[in-house]
Each structure stands twice: as structure tokens, then as C-alpha cells.
Amino acid sequence: MSATDDEIEDSSAPLIEHLAELRTRLIRSAIAFIIGMVLAFTVAEPILQFLLHPIEATLRELGDPSPTMQYTSPQEYLFTLFRISMVFGFALAFPVISYQLWRFVAPGLYKSEKGAFLPFLVASPVMFLLGASFAHFVVTPLAMAFFLGFADVSSIFANLLSRAADTLPTDLPIDTAVVPETADGIRITFFGKVNESLDITLKFIIAFGLCFQLPVLLTLMGKAGLVSAAGLGSVRKYAVVAILVLAAVVTPPDVTTQVILFAVVYGLYEISIFLVRMVEKKREKELRAQGLWFEDEPDTANDPMMKEFEEDDDEAEGKTP
């Protein structure tokens, strides 16, 4: 075997070790995800009730005495529970998954890099939880009130019973259902499907959870030197336009909801600028302590005072100005 072949085998050995380590971490993460999904499935129905609570509260406010959801295919409700178990199973397994990710990445980082990266790994799920909570308790009720507010009565049962209460014959059996006749057009009522209603709620939760990652992302980029506080401040007007577009796309066409989202996300943007500025000051302080910080040299090429001094020197030496 030649020396070149030996060098190739030596260089491939660390790659094989990294791939084996990656496989181990992925297997452990997958096992944690499966366990979390099974645990979440055991309580999927209470979770579903919790997620649909804003719709229930809105329907009751609109006059529905018994809010009801429906599913139109035999497997729809089961798949809805599976979907909930996958989302919340990943949430339960996230500490294990993030720990496995950290154990895989940490050996390749310096001590200072480990200290810089670890806080962001902890702050990211916390900020996502805050965004999800804000979406569920503030945004979703406002959105449901807007969407469902167009109906006069939000359930056909409430509509029928209110019209038939005074007209039912007294000699009918107790278990007889009577549907009163109407002559004023077709009634447009809300019969919510479970999967579609859950889809709206989860979209709000994920969208706002990701929006609340803005300070974490920009601060991490600032720590890496990819963005600066001055740069973020200079593009503030463009950020305002982008946030307005985001508010128009993510939220329903309700001015109140859009203003709330804009205020929250823009506030997060300003917080991000403040955090990046703090990171820059800390880095500058560390570099000054190490004697590695150098102030920018003043630009004297276009300084009119320097030009006057140069002209005076030229005249004193007898040169033509």
C-alpha cells in the first residue's frame, strides 16, 4: 500500500467517526420524538379542546348554547389527534433533541463559542413559547371573533330552536324533532370542521412563535458579526414596511389584530437592536482589555481644514498653491 493510500485512510477515519456519532444522535432524537408523540397522543383530546377554546368562547358569545365541531370522513378525527400528537410530541422531545444537537456540535467549538451559543439554545424555545402563548390567548380570539362575527346566529340548532320554541304542538311525543319552515331565504350558519379549525389555530401559533425568534436570531447574527446595531437602525424604515406586510398576510383583515401584530413584532425588532448594541459593547470591551481594539483612523483626505494647512505649508515653502 502506498503512502498516498495511507493518508487517504487516515483522513477518512475522522469522517466515519463523525457520521457514526451523527447516526447515534439522530437515533436518540428519533426515539425521544416517538416517546413524546405517544405521550402526547394519550392527552390529545384535552389538548384539542384547549386549542379550540377560542372558537368555543366566540361561538358562545355569538349565541350558540352548544358549540359543535364536525368531521366528514371516518379517519379525519383520528388523523387530527395524530397531528396534535406529532406537534406536541416534538415539543416534549425538544429538550432531548436540542441536547443531542449540542453534544454533536459542542466538541468542534471553542470554549468561548460554547458560552456564546448555549444561551441562545435555551432562549429559543422560551421565546417560541411566549409567541405561541400570545397567539393562542390574544390573536386567535380576535381572529375568531372577526371570522365568525358575520353570522347572526352561529349554530343552526340555536336558530331552529329559537324559532320553534313557541310553535311546537303540545301533543307531540317527547322524542319528536320538528324543523320549522322558513320563507326568508337560505340560512348561512357555521358548522366548523375539526381539522380546518385546528389548522388555523396551529398556523397562528407557529407564525407567532417564529416571529418571536427575531431577537434570538438577530442577536446571534450580531454576535457572529453578520449584522450591527447601526446597520439594523439604518434599515428601520424597510423593516417597518416588511412588518406591515407580514401583519397583513398572517392576520385576518382586521385592523385591530394587524395593529397588535405590528406593535409586537416592531417592538421585538427594537429589542433586537438594543441586544445587538449590548453585544457590540461587550465585544469592544473584551478587545480593549486584550489590547486588540483599534479606533478607526480619521478621514483627512476630504477635510477642508487639512487642505488649508497643506496650502499654507506649500506657500511657506515657495510652491504654487
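All of these numbers come straight from a predicted model, not from anything done at the bench. (Residues numbered from 1 in each chain as written. Predicted model: local features only at pLDDT ≥ 70, side-chain atom pairs only at ≥ 80, totals over all residues. Heavy atoms only, no water.)

**Looking at the nonpolar core**
Turning to step 1, where the next piece is worked out: Leu-48, Phe-208, Leu-232 and Tyr-269 are the most contacted members of the largest nonpolar core, which has 41 residues in total.
Turning to step 2, where the next piece is worked out: When residues of this core are assigned to their parent elements, the largest contribution, 9 residues, is made by helix α5 (residues 111-148). (Core = buried A, V, L, I, M, F, W, Y, C linked by side-chain atoms within 4.5 Å. Buried < 20%, exposed > 50% of the residue type's maximum accessible area, 1.4 Å probe, protein only. Helix = DSSP H or I, 4+ residues; strand = E, 2+ residues; numbered from the N terminus.)

**What to know about the packing of aromatic side chains**
Turning to step 1, where the next piece is worked out: Applying the stated criterion across every chain yields a total of 8 aromatic pairs.
Turning to step 2, where the next piece is worked out: Aromatic side chains Phe-134 and Phe-208 sit 5.7 Å apart centroid to centroid with 50° between the ring planes, which places their arrangement in the tilted category. Highlighted residues: Phe-134 in helix α5 and Phe-208 in helix α7 (residues 194-211), separated in sequence by 74 residues.
Turning to step 3, where the next piece is worked out: The exposure class of Phe-208 is buried, given its relative accessible area of 1%. (Phe/Tyr/Trp six-rings, centres within 6.5 Å; stacked < 30°, edge-to-face > 60°.)

**Considering the pattern of salt bridges**
Turning to step 1, where the next piece is worked out: Enumeration over the complete set of coordinates arrives at 6 salt bridges.
Turning to step 2, where the next piece is worked out: A salt bridge links Glu-21 to Arg-25; its shortest N-O distance comes to 2.7 Å. Placement of both Glu-21 and Arg-25 in helix α1 (residues 3-42) is noted, with a separation of 4 residues, approximately one turn of the helix.
Turning to step 3, where the next piece is worked out: Across the pair Asp-199 and Arg-83 runs a salt bridge, and its minimum N-O distance is 2.8 Å. (Salt bridge = Lys/Arg side-chain N within 4 Å of Asp/Glu carboxyl O.)

**Notes on helix α8 (residues 214-223)**
Turning to step 1, where the next piece is worked out: Pro-215, Val-216, Leu-218, Thr-219 and Gly-222 are the residues of α8 that are buried.
Turning to step 2, where the next piece is worked out: Of the residues one or two after α8, Gly-225 is the one with positive phi, at around 85°.

**Quick look at the confidence of the model for the chain**
Turning to step 1, where the next piece is worked out: Considering every residue of the chain, the mean pLDDT works out to 76; 70% of them sit at 70 or more.
Turning to step 2, where the next piece is worked out: Of all secondary-structure elements in the chain, the lowest mean pLDDT belongs to helix α6 (residues 156-164), at 50, while helix α2 (residues 44-51) reaches the highest, 91. (pLDDT = per-residue confidence, 0-100.)

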